[in-house]
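Observations on chain architecture
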Amino acid sequence: MNPHSKKIPILVLLVAMALFAVAATGPARAGMSDFNGDGHPDYVLYNRFTRQTAIWYLNNNVFIGGRYGLTIPAGWSVVDVADFDRDGHPDYVLQNANTHQTAIWYLNNNVFTHGAYGPTLPSGWFLGAVGDFNGDGKPDYLLYTNVGSNFPTAIWYMNNNVHVASASGPTLPDGWFLRGVADFNGDGKPDFLLYYVFSNRTAIWYLNNNVFLSGRFGPTIPAGWSVVGVADFDRDGHPDYVLQNVTTDRTVIWYLNNNVLIRGAFGPTLPPGWDLVAPFAGGTAPSDCAGCWDYP
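Residues numbered from 1 in each chain as written. Predicted model: local features only at pLDDT ≥ 70, side-chain atom pairs only at ≥ 80, totals over all residues. Heavy atoms only, no water.

Side note on the environment of Arg201
Counting through the fold element by element, Arg201 comes out in strand E14 (residues 201-208). Each C-alpha atom, one on Arg201 and one on Trp176, is 9.1 Å from the other, the two residues being 25 residues apart in sequence. (Helix = DSSP H or I, 4+ residues; strand = E, 2+ residues; numbered from the N terminus.)

Structure below.
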């Protein structure tokens with residue numbers, strides 16, 4: 001199947017579940033967005049045993065409260081979060097490991113309002129993350145696949161849950177993996193955050209829509225830690241790294257100016273059984289990735 005062929009979503013996703021908006025008792029991959037509208041990115045957590053999600057509200061690196069979110073059906077995984085219907089509230093984007101179907105779950109903070117199917121991905125391709133690559137104000141899918149030793153990418157341009165066009169993205173070199181999408185150089189266009197598994201080196205690939213322009217090395221991740229996402233936590237206009245310790249599940253924020261590390265601060269520690277929902281953490285992600293979990 002051609003990975004750039006258009007797939008039209010089918011029926012509205014029917015979800016029957018009881019939802020509980022109860023506070024998490026404490027700091028319980030990272031889908032990071034502002035769920036409660038206070039201007040600060042929040043963590044999305046996933047319980048690998050119960051399939052429950054939770055939102056952890058942060059003020060920069062400080063945990064200030066939490067609520068349970070949706071429980072994910074068997075066979076599905078949360079890949080990332082973005083505001084697909086442009087109502088000001090981030091939504092979950094899900095992928096089914098068996099059928100390759102995608103779905104959007106529309107939220108108001110942590111509360112499910114409705115759902116719709118998105119396009120079905122070709123066999124061998126994974127939904128890695130979402131970002132507005134063509135500048136139309138609508139989140140797009142970023143797909144990747146493992147072909148030989150390299151990772152070709154593709155952009156699927158979306159209008160809410162509908163796939164409208166496609167373009168090939170850059171191919172990643174051997175040993176480098178995508179770990180996030182954000183605008184690092186302030187040109188209004190999402191860039192790739194790459195991670196080299198053999199040396200813990202990071203790099204930023206600057207893009208113009210789907211076209212690679214140039215790249216720079218970023219900071220090297222210390223042994224025992226893994227970079228699991230990006231968001232602007234201190235609201236200085238520059239995306240920051242989120243790191244997770246592979247042994248203690250402690251998180252840390254590395255504040256960046258473009259590709260340069262400025263300082264760091266500890267974030268909350270995740271409780272046993274919980275992971276951060278992070279782009280690129282499922283599917284063919286490297287086995288050393290902290291908080292990574294394969295599609296169930």
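With respect to the sheet that holds strand E16 (residues 225-231)
Strand order in the open sheet formed by 4 strands is E16-E17-E18-E19, with antiparallel pairing between adjacent strands. Unpaired on one side and paired on the other, E16 and strand E19 (260-269) mark the two borders of the sheet. When the angles between neighbouring strand axes are averaged without regard to direction, this sheet yields 25°. Pairing geometry for strand E17 (residues 240-245) and strand E18 (residues 250-257), over 4 bridges, is antiparallel. From the neighbouring strand, Tyr241 faces E18, where its bridge partner is Trp254. (Pairing = 2+ DSSP bridges. Axes fitted to C-alpha atoms, helices over the stretch in contact; angles between N-to-C directions.)

So, the environment of Asn98
On the secondary structure map, Asn98 appears in the loop between strand E5 (91-96) and strand E6 (101-108). It is 9.6 Å that separates the C-alpha atoms of Asn98 and Ser123, two residues lying 25 residues apart in sequence.

Some points on the sheet that holds strand E7 (residues 111-120)
Across a sheet, paired strands are connected by hydrogen bonds in the backbone, their directions being either parallel or antiparallel. Overall, antiparallel pairing links the 4 strands, which are arranged E4-E5-E6-E7 in an open sheet. The sheet is open, and its two borders are formed by strand E4 (76-82) and E7, each paired with just one other strand. Averaged over neighbouring strand pairs, the angle between their axes works out to 25° when direction is ignored. Across 6 bridges, the pairing between E4 and E5 is antiparallel. Note that in E5 the partner of Asp80 across the bridge is Val93.

Some details on the nonpolar core
Ranked by size, the top nonpolar core spans 20 residues in total, and within it Phe133, Leu142 and Phe192 carry the most contacts. Of all the elements, strand E12 (residues 176-182) adds the most residues to this core, at 4 residues. Those residues in contact with Leu142 that lie beyond four places of it in its chain are Phe126, Leu127, Gly128, Ala129, Phe133, Thr153, Ala154, Ile155, Leu178, Val181, Phe192 and Phe280. With 18 residues, the next largest nonpolar core counts Tyr92, Trp105, Leu107 and Phe112 among its residues. (Core = buried A, V, L, I, M, F, W, Y, C linked by side-chain atoms within 4.5 Å. Buried < 20%, exposed > 50% of the residue type's maximum accessible area, 1.4 Å probe, protein only. Contact = heavy atoms within 4.5 Å.)

Focus: the side chain of Thr102
Summarising the element assignment, Thr102 is placed in strand E6. At 2.7 Å, the side chain of Thr102 forms a polar contact with the backbone oxygen of Pro119. At 2.9 Å, the side chain of Thr102 forms a polar contact with the side chain of Tyr141. If we ignore the near neighbours within four places in the chain, the residues touching Thr102 are Trp76, Leu94, Gln95, Tyr117, Gly118, Pro119, Leu121, Leu127 and Tyr141. (Polar contact = N/O pair within 3.5 Å; in protein donor to acceptor, adjacent residues only side chain to side chain.)

A closer look at the pairing of strand E13 (residues 191-196)
Look at any regular strand and the pattern is simple: side chains alternate between the two faces of the sheet. Within E13, 5 of the 6 residues are buried, leaving the element largely enclosed by the surrounding structure. Sheet topology places E12 next to E13; 6 bridges connect them, and they run antiparallel. Directly across from Ala182, in E13, lies its bridge partner Asp191. Between E13 and E14, which pair antiparallel one after the other, the connecting turn spans 4 residues, and Asn200 there sits at a positive phi close to 65°.

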